[in-house]
Amino acid sequence: MSSSWAVSSVFRKYCVFAGNGPSAISLSYLLHGHRPYFNGHAHSNSMLTEKLHDSKTSIVNQDLEFLSEGLEGRSPNPVALLWDSLVHPDADLGAENPSMLSWKHELDQAKSHVVLGKMKPGGAWQNMEGSMQTLSQNGWMELPDLPFRHWLAKRHRRLDFSSNRATTGDVRDYYEEYVEAMGLREHFKDYHTVTAVQKLFCTNSCADCESGEVEPCCQNIRQNHHFLWEVRGYKTLAPPLRSPRESGTQETRGSSIGDGTTSSDEEFGPEAADSDSGSRCSGGSADKDLGEVDVDGSALSTSRSSSLGRKSRKSSCSSSSSQDLTNTFGDLSLEREEFCFVTPNVVLATGTYDIPNRLGVIGESSTSVIHSLCAFEQRLFDEDLTRTSAPICVVGAGLSAADAILMALEAGLPVIHVFRCGPSDPSLIFRKLPQSIYPEYHRVAMLMKGQVTDELYQPYPRHRVVEISHEMVLLKPCLSRPNPSRSPSPHDNDPSIVSVDVSLTVIMIGSRPDLSFLPGGGRDLGVVPKWPIDSKHNPIDVDPFSYQSTHEQGLFAMGPLVADNFVRFGIGGALGIANHLSQAAENP
């Protein structure tokens, strides 16, 4: 990428979001001036009901720590549990009680903000194949003040009441249309990729009258001076190529494959930084007027921390990849324009599904190896595979691996399934899903255990991949202590390497976020410093009520980045951040 690109204007916003998934959309709704109030419906938790009755102010302006005290649920974040209790009362008990919130639009509470998304609103939901079902029930996917069922009814669509689960296509369209229906379009910038987030210090530096060199006003700029955040990146001037799913081709193929489901009940937000632009924004006026900032820099001398975004690996699912753009439009530099925002508050809402985890074995970079469901769907569509073809090797024991298995079996293709744990391991996610709601996942679990058989399915429990070639994988039994309670495997007593012919290898062992636009890739922000951010093992360390980083003032995180992997809980981050920003505005 050319470093000669210039940024014609620097814009000032009160808050800038990196990511445009469900949590980001919800926070935008709150910052647009919408406020939730207790509507009088009682909760089974009488203490929570009493607390709500005691205040007539908006939930956003109340003491969230006080309201969330004593709440329990499936999120580690108390404000997420509070939000879920208010919007989905007693949901984990199987109840479908009405929301305890009513909404008012208060224009004086609106705050200037911009939501930067690499794709259209909805984040990585834009990458989802439309016929697949969500893991969560449909009501748990909805955003503030627009019930999912009401939206479906206006589109003359029917829900699958047997499972109460929506299709990913409906959820994707719901998120995109929500932005329009709720009047949020002015805040959203689609096809905007963030490449660097860095501090912009407000100093009083002056130039030496003889040498012309800029002299710092003090020895410790970081400690003695206020700073803003500078958010840089590029926007794609022409929308990227549409994938087969988006153009309708993949939709038809997906419907013919069957009822495979997706484990995507998370707020994906693929805001991967995939450029290392060398240009910089000029320091602008430090006044608090919103809008365009004077680029002369006359009123503000700046000092930036070095955090140029490095070149990142692009997701195999992304339809807006650099390669796609190059192939379609030729000279990539003609199709991009840089942007720069200056803000006191940055919200990280990127999700955690940018970079697939890898096995780290020989041959994993082969063209026959796939690391995402989107790419797997595309290969099934493109390649002429039949039940007599060599098997598809699926690696992993989570929901995404199960999705890949279901896709292959429904397409009539043979599968070998390689996973390191035992088929009855208590940590397997299938054990936590009700069979009546998720029969397809329980079918996979029973196939893994050998309780049901399918001539197209062959499990390799307690095995690991040691090498991959174009048409073959080498497997080796995992060494572990004997466990008399586990199901036997035909390969348990064979320490030798097993060779299996395959047509494709699909590796589904999780993923992690791409935070390369942050200094050090965000490694200093985790609960375990210096380690990569991971939603399960090392989420971003935030204050539990404001969602502000414990390491950086004015930097917030929400959704899977703080271990809220479900939409119903991720929106709690929007409440926490809006609460903090509201208090900060009242007490500057």
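Criteria and cut-off values
- Residues numbered from 1 in each chain as written.
- Predicted model: local features only at pLDDT ≥ 70, side-chain atom pairs only at ≥ 80, totals over all residues.
- Heavy atoms only, no water.
- Helix = DSSP H or I, 4+ residues; strand = E, 2+ residues; numbered from the N terminus.
- Buried < 20%, exposed > 50% of the residue type's maximum accessible area, 1.4 Å probe, protein only.
- Contact = heavy atoms within 4.5 Å.
- Areas by Shrake-Rupley, 256 points an atom, 1.4 Å probe, with all protein chains shown as cover.
- Disulfide = S-S within 2.5 Å.
- Pairing = 2+ DSSP bridges.
- Axes fitted to C-alpha atoms, helices over the stretch in contact; angles between N-to-C directions.
- Core = buried A, V, L, I, M, F, W, Y, C linked by side-chain atoms within 4.5 Å.
- pLDDT = per-residue confidence, 0-100.
- Salt bridge = Lys/Arg side-chain N within 4 Å of Asp/Glu carboxyl O.
- Phe/Tyr/Trp six-rings, centres within 6.5 Å; stacked < 30°, edge-to-face > 60°.
- Lys NZ or Arg CZ within 6 Å of the ring centre and 35° of its normal.
- Parallel < 35°, antiparallel > 145°, perpendicular 65-115°, else oblique.
- Nonpolar A, V, L, I, M, F, W, Y, C, P; charged D, E, K, R; others polar.
- Left-handed = near helix turned anticlockwise from the far one by under 90°.
- Expected span 1.5 Å × (residues − 1).
- Polar contact = N/O pair within 3.5 Å; in protein donor to acceptor, adjacent residues only side chain to side chain.

Comments concerning the overall build of the protein
So, step 1. Along its length, the protein carries 14 helices and 27 strands.
So, step 2. Within the protein, the fraction of its 588 residues that count as buried is 57%.
So, step 3. Restricting the contact set of the protein to residue pairs at least 6 apart, pairs at least 24 apart contribute 77%.
So, step 4. Of the roughly 25,200 Å² of accessible surface on the protein, a fraction of 49% belongs to carbon and sulfur atoms.

Quick notes on the state of the cysteines
So, step 1. With the rule as written, the count across this model stands at zero disulfides.
So, step 2. Take Cys421: it sits in no disulfide, and the sulfur closest to it among the cysteines is that of Cys478, at 9.1 Å.
So, step 3. On the basis of relative accessibility, which here comes to 18%, the residue Cys478 falls in the buried class.

What about the sheet that holds strand β22 (residues 463-469)?
So, step 1. The antiparallel open sheet is built from three strands, whose spatial order is β22-β23-β24. Bordering the open sheet on either side are β22 and β24 (498-501), each of which pairs with just one other strand. Ignoring strand direction, the axes of neighbouring strands in this sheet form an average angle of 30 degrees.
So, step 2. As judged from the six bridges shared by β22 and strand β23 (residues 472-477), these two strands associate in the antiparallel manner. Looking at the pairing, Ser469 lines up with Met472 of β23.

Points about the nonpolar core
So, step 1. Ranked by size, the top nonpolar core spans 81 residues in total, and within it Leu27, Tyr175, Tyr178, Leu348 and Ile540 carry the most contacts.
So, step 2. If you tally residues by element for this core, the top one is helix α14 (residues 567-586), at eight residues.
So, step 3. Filtering out sequence-adjacent residues up to four positions away, Tyr178 remains in contact with Ile25, Tyr29, Leu143, Pro144, Leu146 and Leu184.
So, step 4. Grouped together as the second largest cluster of nonpolar side chains are 34 residues, Ile370, Ala375, Met407 and Val444 included.

What about the confidence of the model for the protein?
So, step 1. Within the protein, residue pLDDT values average 79, and 72% of them lie at 70 or more.
So, step 2. Residue range residues 1-6 is modelled with pLDDT below 50. Its contacts to residues more than four positions away, or to other chains, number 10 contacts.
So, step 3. Ignoring residues within four places in sequence, the model shows residues 242-334, a span with pLDDT below 50, making 277 contacts including any to other chains.

Re the pattern of salt bridges
So, step 1. All chains considered together, the criterion is met by 14 salt bridges.
So, step 2. When the shortest N-O distance is used, the salt bridge between Glu96 and Arg149 registers 3.5 Å. In this pair, Glu96 sits in the loop between α4 (78-87) and β4 (101-105) while Arg149 sits in helix α5 (residues 148-154), placing the two residues 53 residues apart along the sequence.
So, step 3. Of the charged contacts in the structure, one is a salt bridge between Asp454 and Arg443, with a shortest N-O distance of 3.0 Å. With a gap of 11 residues between them, Asp454 in the loop between α13 (439-449) and β21 (457-461) and Arg443 in helix α13 connect regions that are remote in the sequence.
So, step 4. Judged by relative accessible area, Arg443 falls into the partly exposed class, the value being 27%.
So, step 5. It is possible to trace a salt-bridge network through shared partners that takes in Glu180, Arg185 and Asp190.

Thoughts on the packing of aromatic side chains
So, step 1. Scanning the model with the defined rule gives 14 aromatic pairs in all.
So, step 2. Aromatic pair Phe11 and Phe341: ring centres 6.0 Å apart, planes at 40 degrees, arrangement tilted. Taken together, the residues Phe11 in strand β1 (residues 10-12) and Phe341 in strand β15 (residues 336-343) connect sequence positions 330 residues apart.
So, step 3. On the numbers, 5.1 Å between centres and 65 degrees between planes, the contact of Phe148 with Tyr174 is edge-to-face. Within this pair, whereas Phe148 is found in helix α5, its partner Tyr174 is found in helix α6 (residues 168-181), the two being separated by 26 residues in sequence. Residues Phe148 and Tyr174 agree in their burial class; the two are buried.
So, step 4. Among the aromatic side chains, those forming a connected cluster through ring pairs are Tyr29, Trp83, Trp103, Phe148, Trp151, Tyr174, Tyr175 and Tyr178.
So, step 5. For the cation-ring pair, Lys104 lies above Tyr37, with the distance from its terminal atom to the ring centre recorded as 4.7 Å.
So, step 6. Between the NZ or CZ atom of Arg336 and the centre of the ring of Tyr234, over which it lies, the distance is 3.8 Å.

Side note on the packing of α4 against α14
So, step 1. For the pair α4 and α14, interaxial distance at closest approach is 7 Å and the crossing angle is 110 degrees. Considering their axes alone, α4 and α14 lie roughly perpendicular with respect to each other. Across from Val79, Ala80, Leu81, Leu82, Trp83 and Asp84 in α4, the residues of α14 making contact are Arg568, Phe569, Ile571, Gly572, Leu575 and Gly576.
So, step 2. Of the residues assigned to the contact of α4 with α14, the class counts are eight nonpolar, two polar and two charged.

Considering unusual backbone geometry
So, step 1. In this model, Tyr191 sits at a positive phi of 60 degrees, which is unusual for a non-glycine residue.
So, step 2. The phi dihedral of Lys530 falls on the positive side, at around 75 degrees, and the residue is not glycine.

Remarks on the packing of helix α1 (residues 22-31) against α6
So, step 1. Across the interface, α1 lies against α6 with an axial gap of 11 Å and an inter-helix angle of 15 degrees. Classified by the angle between their axes, α1 and α6 sit roughly parallel to one another. Classified by chirality, the crossing of α6 by α1 is left-handed. Judged by residue contacts, Pro22, Ile25 and Tyr29 of α1 engage Tyr175, Tyr178 and Val179 from α6.
So, step 2. Of the residues that constitute the contact of α1 with α6, the class distribution is six nonpolar, no polar and no charged.

Thoughts on helix α12 (residues 399-410)
So, step 1. Taking 1.5 Å per residue as the helical rise, α12 with its 12 residues ought to reach 16 Å, and the 16 Å between its terminal C-alpha atoms agrees with that figure.
So, step 2. Buried within α12 are the following residues: Leu399, Ala401, Ala402, Asp403, Ala404, Ile405, Leu406, Met407, Ala408 and Leu409.

Here's the deal with the environment of Asp534
So, step 1. If you trace the backbone, Asp534 turns up in the loop between β26 (511-512) and β27 (555-557).
So, step 2. Judged by relative accessible area, which is 17%, Asp534 ranks as buried.
So, step 3. For the pair formed by Asp534 and Thr352, sequence separation is 182 residues and the distance between their alpha carbons is 7.2 Å.
So, step 4. At 2.8 Å, the side chain of Asp534 and the backbone nitrogen of Lys536 are in polar contact.

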